[in-house]
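# Report on the structure
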Amino acid sequence: MDFDLSNRSHRKESETAVKKMSERCHGNERIVEIRKPSDKIPLAAYEPAGKLEPESLTEKNAAMFRIVLLLFLATGISFGEEATGRVFHDLNGNERYDEGESGVPGIGVSNQREVVTTDAEGRWTLPCDDDTIFFVIKPAGWKTPVSESQLPRFYYIHKPNGSPPNLRYPGVDPTGPLPDSINFPLSPSEEPDTFKAIFFGDPQPSNIEQINYIAHDVIAELIGTDAKFGVTLGDIMFDKLNLFEPSNANVALVGIPWYNVVGNHDINFDSPTDVNSDETFHRHFGPNYYSFDYGAVHFIVLDDVEWGRQSSSGKMTYVGGLDDDQLTFVKNDLALVPEEKLIMLMMHIPLTGVENRTELYRLIEKRPYSLSISGHTHWHAHQYITKEDGWQGKEPHHHIVNVTVSGTWWKGKKDEVGIPHATMRDGAPNGYSIITFDGVNHTLDFKAARQPASYQMTIFAPDEIASAETEKTPVYVNVFNGSEKSKVRMKVGESEWVTLKKVLEEDPFYVQTRDREIAADPESKRHLNGPIQSGHLWKAMLPESLPVGSLQIEVEATDAYDRLHKDSRLIRVTE
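Residues numbered from 1 in each chain as written. Predicted model: local features only at pLDDT ≥ 70, side-chain atom pairs only at ≥ 80, totals over all residues. Heavy atoms only, no water.

### Some thoughts on helix α7 (residues 357-364)
To be explicit about the condition: Working definition: with a 1.4 Å probe on protein chains only, accessible area under 20% of the residue-type maximum means buried, over 50% means exposed, and in between means partly exposed. Secondary structure elements follow DSSP: runs of H or I of four or more residues count as helices, runs of E of two or more count as strands, with numbering from the N terminus. By arc we mean the arc of the directions from the helix axis to the C-beta atoms, nothing more.
Looking at α7, one finds that the buried residues are R357, L360, Y361 and I364. Looking straight down α7, one finds that the buried residues subtend no more than 105 degrees of arc, so they occupy a single side.

### Topic: the sheet that holds strand β7 (residues 115-117)
For the record, the criterion: Strand pairing is assigned whenever DSSP detects at least two bridges linking the two strands. Orientation is described by axes fitted as lines to C-alpha atoms, over the contacting stretch for helices, and by angles from 0 to 180 degrees between their N-to-C directions.
Pairing is antiparallel in the open sheet, where four strands are placed in the order β7-β6-β9-β11. Single-partner strands in this sheet number two, and they are β7 and β11 (155-158). Between one strand and the next, the sheet's axes are offset by a mean angle of 20 degrees, whatever the strand orientation. Summarising the sheet, strand β9 (residues 132-136) and β11 pair through four bridges and their orientation is antiparallel.

### Comments concerning the pattern of salt bridges
The condition is simple: We count a salt bridge whenever a side-chain nitrogen from Lys or Arg sits within 4 Å of a carboxyl oxygen from Asp or Glu.
Within the structure shown, the criterion is met by 25 salt bridges. With a shortest N-O distance of 3.6 Å, D173 and R283 are connected by a salt bridge. With D173 in the loop between β11 and β12 (182-188) and R283 in helix α5 (residues 279-285), this residue pair connects regions lying 110 residues apart in the sequence. With a closest N to O distance of 3.3 Å, K539 and E505 form a salt bridge. Of this pair, K539 sits in strand β32 (residues 537-541) while E505 sits in the loop between β31 (501-503) and α8 (508-520), and the two are 34 residues apart along the sequence. When its relative accessible area of 23% is taken as the criterion, K539 is described as partly exposed. Each of the salt bridges in this network shares a partner with another, and the network as a whole consists of R113, E114 and D325.

### Re the nonpolar core
Keep this limit in mind: Here, nonpolar core means buried Ala, Val, Leu, Ile, Met, Phe, Trp, Tyr and Cys residues that are tied together by side-chain atoms lying within 4.5 Å of each other.
Membership of the largest hydrophobic core comes to 68 residues, with the highest contact counts inside it found for F199, F299, M344, M346 and F437. In terms of residue count, strand β20 (residues 342-346) provides more of this core than any other element does, five residues in total.

### What about the side chain of E191?
Our working definition: Under this definition, polar contacts are N or O atom pairs within 3.5 Å; protein pairs additionally need one hydrogen-donor-capable and one acceptor-capable atom, and for neighbouring residues in sequence, both atoms have to be side-chain atoms.
If you trace the backbone, E191 turns up in the loop between β12 and β13 (194-200). Overall, the relative accessible area of 13% leaves E191 in the buried class. One polar contact links the side chain of E191 to the main-chain amide nitrogen of G141, over a distance of 3.1 Å. Among the polar contacts listed, one links the side chain of E191 to the backbone nitrogen of G295, at a separation of 3.0 Å.

### Quick look at the sheet that holds strand β15 (residues 258-260)
Read across the open sheet, the five strands follow the order β15-β14-β13-β24-β25; overall the sheet is mixed. At either margin of the open sheet sits one strand with a lone partner, and together these are β15 and β25 (441-448). Averaged over all neighbouring strand pairs, the angle between strand axes comes to 25 degrees, with direction disregarded. Pairing analysis gives eight bridges linking strand β24 (residues 431-438) to β25, with the strands arranged antiparallel.

### Observations regarding the packing of aromatic side chains
Operational definition: For Phe, Tyr and Trp, where Trp contributes only its six-membered ring, two rings pair if their centres lie within 6.5 Å, and the inter-plane angle classes them as stacked under 30 degrees, edge-to-face over 60, or tilted in between. Geometrically, a charge over a ring is one whose NZ (Lys) or CZ (Arg) sits within 6 Å of the ring centre while staying within 35 degrees of the ring normal.
Going through the model one piece at a time under the given rule, you end up with 30 aromatic pairs. Ring centres of W124 and F184 lie 6.0 Å apart, and the angle between their planes is 25 degrees; on these two criteria the pair is classed as stacked. Here the residue W124 occupies a position in strand β8 (residues 123-128), and F184 occupies one in strand β12, the gap between them amounting to 60 residues. You can call W124 buried: its relative accessible area is 2%. Measuring from centroid to centroid gives 6.2 Å for F195 and F229, while their planes differ by 40 degrees, and the two rings are tilted. Of this pair, F195 sits in strand β13 while F229 sits in strand β14 (residues 229-232), and the two are 34 residues apart along the sequence. Under the relative-accessibility criterion, F195 is labelled buried at 2%. Cation over ring: R489 sits above W497, and NZ or CZ is 4.0 Å from the ring centre. A cation over an aromatic ring shows up here: K502 above the ring of W538, its NZ or CZ 5.8 Å from the ring centre.

### Re unusual backbone geometry
One non-glycine residue, Q150, adopts positive backbone phi at about 65 degrees. Inspection of the secondary structure assignment puts Q150 in the loop between β10 (142-143) and β11. Owing to a relative accessible area of 19%, Q150 belongs among the buried residues under this scheme.

### Details of empty space enclosed by the protein
This is how the line gets drawn: Each cavity reported here is a set of points on a 1 Å grid over the protein atoms alone in which a 1.4 Å probe fits but cannot get out, each pocket an open set with protein on both sides within 12 Å along at least five of seven lines, and each lining residue one with an atom within 4 Å of a point. Grid points are joined across faces, edges and corners, and a volume is the space filled by probe spheres set on the points.
A complete count under the given rule lists three cavities of 30 Å³ or more for this structure. Quantified by volume, the largest cavity comes out at close to 130 Å³. In terms of lining, the largest cavity is formed by 17 residues, of which the most central are T232, I236, S247, N248 and V251. A total of five residues in the lining of the largest cavity trace back to one element, the largest contributor, which is helix α4 (residues 244-252).

### Re the side chain of S271
Which entries qualify depends on this criterion: When checking whether two residues touch, look at their non-hydrogen atoms; a contact exists if any pair is within 4.5 Å.
Residue position: S271 is located in the loop between β15 and α5. Residues contacting S271, with those up to four places away along its chain left out, are L167, N276, S277, W307 and M316.

### Side note on the environment of D324
Of note, D324 is situated in helix α6 (residues 324-334). Residue classification places D324 among the exposed residues on the basis of a relative accessible area of 58%. With 35 residues separating them along the chain, D324 and E359 place their C-alpha atoms 9.9 Å apart.

Given below as structure tokens:
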């Protein structure tokens with residue numbers, strides 16, 4: 001039987017990190033050194049290093065030894081290395097454990113599978129192999145160091161041989177032997193239960209010009225924010241992983257720690273399997289899944305991009321999925337999180353697009369407070385997941401598909417300052433979200449790029465309409481942050497208020513914009529993408545018998561959090 005040791009799960013089964021084992025022969029104990037396997041080697045080829053002396057181990061015992069060793073390897077009994085270290089209070093801020101600095105007890109540390117808590121002296125011990133990322137689970141009231149790019153440094157990568165050398169975009173350099181002690185510094189930090197965090201969906205630049213769009217369209221207005229940290233929900237790049245550094249440098253100007261989720265455009269496409277597809281991401285951001293606390297909320301970052309499938313045409317592709325190690329980590333992580341905490345899951349592919357999502361549901365659905373957010377689709381939505389999708393929780397699970405920074409992949413016509421309008425396919429503008437967390441509650445503010453905070457809807461109606469045609473003419477209202485829980489009403493001039501009906505249709509404003517841009521430049525290869533049925537669109541007919549003249553359409557709409565927003569539009573009624 002062959003094991004592919006480039007596969008992490010196979011590597012764990014075959015225990016590649018075996019260094020030593022005890023062998024008893026004729027009542028005498030000896031240590032047998034085991035050669036480290038190559039990338040792919042049949043288990044039958046595992047042999048003790050060097051020749052065993054006949055007087056200490058007979059041929060019969062040697063044969064039995066090989067059989068027992070094979071059984072141990074096949075059943076997953078671990079002879080691997082163990083890593084150890086300390087989580088400590090970094091009094092002088094130099095990120096090194098110095099004499100006089102105390103360990104911090106009761107802090108979670110993980111190897112992306114097991115989770116342990118530090119002892120009274122801040123010590124921890126975890127198993128490892130030659131491809132392990134260790135990280136501290138940042139507790140509330142403490143902070144980890146950040147890099148010059150404001151990227152949190154809460155992890156240690158152990159890849160003694162480095163990433164595979166044949167990747168187009170470089171991964172992790174060889175880290176060398178396992179250190180004697182892996183120490184994680186923490187510093188006290190005041191963290192209120194009520195705080196804000198910023199969420200970017202899919203900035204997705206493919207060149208420096210688009211990195212500049214992000215800088216001027218979004219980042220400039222966020223500098224000086226009172227949010228405590230930011231998160232990019234994957235597709236940080238559009239395949240060009242050499243652009244991570246200039247992008248990170250721009251985001252750093254916001255001035256707050258910035259966490260990152262891996263997306264399907266952030267991976268190494270030249271990796272034949274999922275296990276090595278995140279090497280460049282590791283190089284820049286650390287673990288592809290992890291967790292941390294801030295205030296009263298426990299945040300879990302997931303990697304739900306499973307690379308290595310074949311499409312119908314035979315090409316390599318991805319699906320939404322979570323591997324066994326990751327699900328085990330989530331289970332072990334949650335075992336240490338009190339029931340009364342809000343659990344916030346952050347991922348790239350929306351939860352309903354993850355193949356084995358019901359396994360994740362089983363881990364969180366009995367908890368009273370959970371929330372999740374993703375990017376990927378380039379439209380904004382509030383989804384309430386119920387038993388129809390396999391959810392068995394008492395209340396529906398609230399999943400947010402976040403507005404994207406790049407909108408329709410920066411394909412709209414450029415405005416007067418040279419930035420594409422990038423309206424998304426559901427008719428909402430590009431932008432980002434600001435979520436205010438308050439204990440177990442939250443409120444999401446939809447923020448359109450370079451627009452005032454009050455810009456929360458568009459009203460689509462004709463500029464001019466004949467009086468006899470009013471009752472046949474629809475008005476559409478796109479409430480960007482709306483949901484099935486929203487209510488929308490309008491009045492025209494002195495008419496009575498009319499309640500609009502939520503519909504699943506293409507936003508006519510987006511359709512009109514796209515058609516106009518295609519007509520203006522039919523040869524362009526970067527037309528806006530085709531529209532989708534918008535999940536936050538409302539419709540009603542104009543009232544009949546409107547008076548001739550200029551009239552104002554007034555709209556009142558509630559968002560997904562029952563907050564009232566107002567807007568208006570002028571029309572002209574003719575004879």
